[in-house]
Amino acid sequence: MKKNKNTIIIPLTVLFCVLYIIFAFRPLGTELYFEPLQTIDIYGNEENIQQEPPQAAETQTDVSIVPFKLGQTLGYIDSNGKILYRYSFPWKSSITENFFTVYDLNSTKFNIWDQKGQIITTIDAAGFPFLEQDRIFLFGPGGNNFAKYDISGKKLWQFERFAPITCFNSSKGGITAGYSDGTLITWASDGTILQNFIPGGSNHNVILGAAVSGDGKYTACISGIQKQRFIITKNEGKNSKIIFHHYLNEEKTTQCYIKFSLDDSTVYYDTAAGLGICVMDKVKRFHKYSIDPQGTVMQIVEGPESPFVFILAKNAEQENTEWTVTILERVNHIAGRFSFSNTENAFIQFKDQNLFVGTDTTISILKVGRK
């Protein structure tokens, strides 16, 4: 009888060990890595500094172009690290991947130059230009009106109301603006009003930050002071529908950074308590997270085929301003971060799986991945 028991127990023990090995096996985790590719001194070749807007420059079609603005210098660098051109400007500027402009307080007209340094249009009107991707806007004196222009310099439409604009954002699918009286308005790209309402719910109405989704269907904002809240609306005409909101435990009284992800599934919003992250799943349920970005959020960038989201934050409370880049993956998992200081200006961009990090005088290119 004892022999029969051993005959049964031994095979069961072996089977248990085999099953344990199979189910307990986990592949070794990969590690996040940063591979420095090169660091470019943007003032390294003095003879190439442009004192006037650049003339036509040769560009390669097989590389990506990254715009940069650091202090009073702007320009373009390609993904191979070659500075295509740079330009020192005296007062204000606006730059995108497609074009740039410079202006001052007394500008009555302004030129727009393309990536090759050629003037593509002139806006013959006073105000303050704002460029976003391939879109051109002009904010008029008084701060309560703006106009949209096309690439030929033609005014497409204009909107004006009595209250000053406190925040502004545009995407391919729409435009949104928040006002000092707490009004939030969203337009289609042709100027049709998609929503116009005051979210309310606070003791003092004001819109401190707003963003519109890439398809123009949703608008997010931070609204009010004293009982401040974060809101997402679905744009259904002037009678807008609030589909998500929550009150913030700590409040800001300055402008707040808000951004939709490339696929419009996630909204990032900077608060006094950190960076809020709101995710809408496939069945329209909302999930709320938060992280500490180590400062005030200045930029959030991502790539269409990258699992990473990069956040640039500025902490000016220290003796030397400290900048922190946080790398997120899987929505709210901090995969890594690094900090740097001794620079008044900084920017980040992500192109061709490379992270571009700019400081006062240099631009570093790092390859980011897991291995």
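What counts, and at which threshold
- Residues numbered from 1 in each chain as written.
- Predicted model: local features only at pLDDT ≥ 70, side-chain atom pairs only at ≥ 80, totals over all residues.
- Heavy atoms only, no water.
- Helix = DSSP H or I, 4+ residues; strand = E, 2+ residues; numbered from the N terminus.
- Buried < 20%, exposed > 50% of the residue type's maximum accessible area, 1.4 Å probe, protein only.
- Contact = heavy atoms within 4.5 Å.
- Areas by Shrake-Rupley, 256 points an atom, 1.4 Å probe, with all protein chains shown as cover.
- 1 Å grid on protein atoms, 1.4 Å probe; cavity = no way out; pocket = protein on both sides within 12 Å on 5 of 7 lines; lining within 4 Å.
- Points joined across faces, edges and corners; volume = space filled by probe spheres on them.
- Nonpolar A, V, L, I, M, F, W, Y, C, P; charged D, E, K, R; others polar.
- Pairing = 2+ DSSP bridges.
- Axes fitted to C-alpha atoms, helices over the stretch in contact; angles between N-to-C directions.

Looking only at helices and strands, the chain has one helix and 32 strands in total. Residue burial in the chain is summarised as follows: out of 371 residues, 49% are buried. For the chain, the proportion of contacts with a sequence separation of at least 24, taken over those separated by at least 6, is 42%. Carbon and sulfur atoms make up 50% of the accessible area of the chain, which totals about 19,200 Å².

All right, on to the layout of surface pockets then. Size it by volume and the second largest pocket reaches roughly 280 Å³. Lining the second largest pocket are 18 residues, with Asp-263, Thr-266, Tyr-268, Glu-302 and Val-309 positioned closest to its centre. Broken down by secondary-structure element, the contributors of at least two residues to the lining of the second largest pocket are β23 (266-271) and β28 (322-329). Split by residue class, the lining of the second largest pocket holds nine nonpolar, five polar and four charged.

This brings us to empty space enclosed by the protein. Where empty space is left can be seen by rolling a probe of water-molecule size over the atoms. A full pass over the atoms with the stated rule returns one cavity of 30 Å³ or more. Space inside the largest cavity adds up to approximately 60 Å³. Looking at side-chain class alone, the lining of the largest cavity contains eight nonpolar, one polar and one charged residues.

This next bit is on the sheet that holds strand β29 (residues 333-340). Adjacent strands of a sheet pair through backbone hydrogen bonds, lying either parallel or antiparallel. With antiparallel pairing, four strands are arranged side by side in an open sheet as β26-β27-β28-β29. Both edges of this open sheet fall to β26 (296-302) and β29, since each of them pairs with a single strand only. Here the strands of the sheet are splayed against their neighbours by 20° on average, with no regard to which way each runs.

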